[in-house]
Amino acid sequence: MATIVLGVGASHSTLMNTHWEQTTHKAEAERFRDALHTTRDRIAAAKPDVALIIGSNHFRGFWLDLIPAFTLGVGECISSGESGTPKGPQPVDVEFARHLTNTVIEGGRFDLAYSARMQIDHGQSHAVQYLLDGLDVPLVPLVVNVFAPPLPTFQRCAELASAIRAAIASFPADKRVVVIASGGLSHRLPWPDWRDPHGEDEAFMVRAWLDGRENWSDYDVRRREIIRAAEAAITPEFDDRLLDLFEAGKASELAEYTTSYVEEAAGNGAQELRTWLMMAAILDYIPAERLVYEAIPEWLTGMGVAILDPDSSSRRTRS
């Protein structure tokens, strides 16, 4: 039987890699980076056999020609390597991934998409770079559509996560599983609703999302210029309330969030909180430990890290 030994929610930003020296909020940046290192050590101490990484897609592996709501990697996994993130093949626990896929689909509630040759981007590989560095832990990548509306509802994300939790529990062999959610917190990217772009930059973005499957790097210079020109739109009050819910063991309340509410309250980048909700649901919404929260305008994002530790939760319950 597989056992979930740890859950992690962690923000990502490739600007950590490309613009560290230009970051003026250096103390905040260092505290966030230190929290990632601490989390990496906590993961190592948990001795996982596999990492289920739930992340978003930034139009380097999935394109507007086909956008599944949820896609599980069950074979090859190639990381695009943008902005100094890991590049090339990543190890996948194929047996475990296929068990999860088969069990969820045969359960009859979800027709989960799967890929035997998945390309991931920093929505997954940022976690590989900072949280699994040197650990030699194979992955099971789960990509959630959070940037190409219509998006899966938060409620649907929670329901799928519950099905995945049951599938993990039904795995017949001993296996220690860490569940990592990558993304969030509040931030607004200069990305359009692909259905209604306004202006030259937005039209360029949609063109890249439609045509970039074979040559995504050709679009990347201008993409980065558009992102770097954006003004930060971080909502620390929203992020603080969110982390309070996780600490209180009330992350299930995120299932009541709507796409429009999150867009208005915390920006389009905060749609990545679906990954945090799914991680928490797989951990059965046990209380979290908040390691850090920093609003870093140069990275456009409210940067947070939280850990859900079943051992700590059970000790608190017994006491």
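Each value, and the rule that gives it
- Within each chain, residue numbers correspond to sequence positions counted from 1 in written order.
- It should be noted that, the model being predicted, local features are given only for residues of pLDDT at least 70 and side-chain atom pairs only at 80 or more, the latter also being counted only at that level, while totals for whole chains, interfaces and linings use all residues.
- Think of the side-chain values as coming from all heavy atoms in the structure, minus any hydrogens and water.
- Under the pairing criterion, centres of Phe, Tyr and Trp rings, with the six-membered ring standing for Trp, must be within 6.5 Å; the plane angle then separates stacked pairs below 30 degrees from edge-to-face pairs above 60, leaving the rest tilted.
- Helix and strand assignments follow DSSP, with helices taken as H or I runs no shorter than four residues and strands as E runs no shorter than two, numbered in order from the N terminus.
- Only protein chains enter the area calculation, which uses a 1.4 Å probe; residues under 20% of their type maximum are buried, those over 50% are exposed, and those in between are partly exposed.
- Cavities and pockets were defined on a 1 Å grid built from protein atoms only: a cavity is a group of points that admits a 1.4 Å probe but offers it no way out, a pocket is an open group of points flanked by protein on both sides within 12 Å along at least five of seven lines, and a lining residue is one with an atom within 4 Å of any such point.
- Grid points are joined across faces, edges and corners, and a volume is the space filled by probe spheres set on the points.
- Each residue is assigned to one class: nonpolar for Ala, Val, Leu, Ile, Met, Phe, Trp, Tyr, Cys and Pro, charged for Asp, Glu, Lys and Arg, and polar for all the others, Gly among them.
- Between N-to-C directions, angles cover 0 to 180 degrees, with each direction set by a line fitted to C-alpha atoms, over the stretch in contact for helices.
- Convention used here: angles under 35 degrees read as roughly parallel, angles over 145 as roughly antiparallel, angles from 65 to 115 as roughly perpendicular, and any remaining angle as oblique.
- Residue contacts are counted whenever heavy atoms from the two residues lie within 4.5 Å of one another.

### Quick word on the packing of aromatic side chains
Considering all chains together, one arrives at 13 aromatic pairs under this definition. Centre to centre, the rings of Phe 59 and Trp 209 are 4.1 Å apart; their planes meet at 15°, and the pair counts as stacked. In this pair, Phe 59 is assigned in the loop between β2 (50-56) and β3 (70-80) and Trp 209 in helix α6 (residues 199-211), connecting sequence segments 150 residues apart. Judged by relative accessible area, which is 0%, Trp 209 ranks as buried. Measuring from centroid to centroid gives 5.4 Å for Trp 191 and Trp 209, while their planes differ by 65°, and the two rings are edge-to-face. In this pair, Trp 191 is assigned in the loop between β7 (175-182) and α6 and Trp 209 in helix α6, connecting sequence segments 18 residues apart.

### Notes on the layout of surface pockets
Considered as a void within the structure, the largest pocket measures approximately 330 Å³ in volume. Along the walls of the largest pocket sit 15 residues, with Gly 61, Arg 117, Met 118, Gln 119 and Arg 213 positioned nearest its centre. Ranked by residues supplied to the lining of the largest pocket, first place goes to strand β5 (residues 113-120) with six residues. Looking at side-chain class alone, the lining of the largest pocket contains seven nonpolar, four polar and four charged residues. Put simply, the second largest pocket is a space of about 260 Å³. Every residue lining the second largest pocket is counted, 13 residues in all, and those nearest its centre are Phe 147, Pro 149, Asp 193, Glu 263 and Asn 268.

### A word on the packing of helix α8 (residues 236-247) against helix α10 (residues 273-282)
Relative orientation of the contacting elements α8 and α10 amounts to 10°, with a least axis distance of 12 Å. Between α8 and α10, the crossing angle belongs to the class labelled roughly parallel. Between α8, through Phe 238, Leu 242, Leu 243 and Phe 246, and α10, the contact on the second element is made entirely by Leu 273, Trp 276, Leu 277, Met 279 and Ala 280. A per-class count over the contact of α8 with α10 returns nine nonpolar, no polar and no charged.

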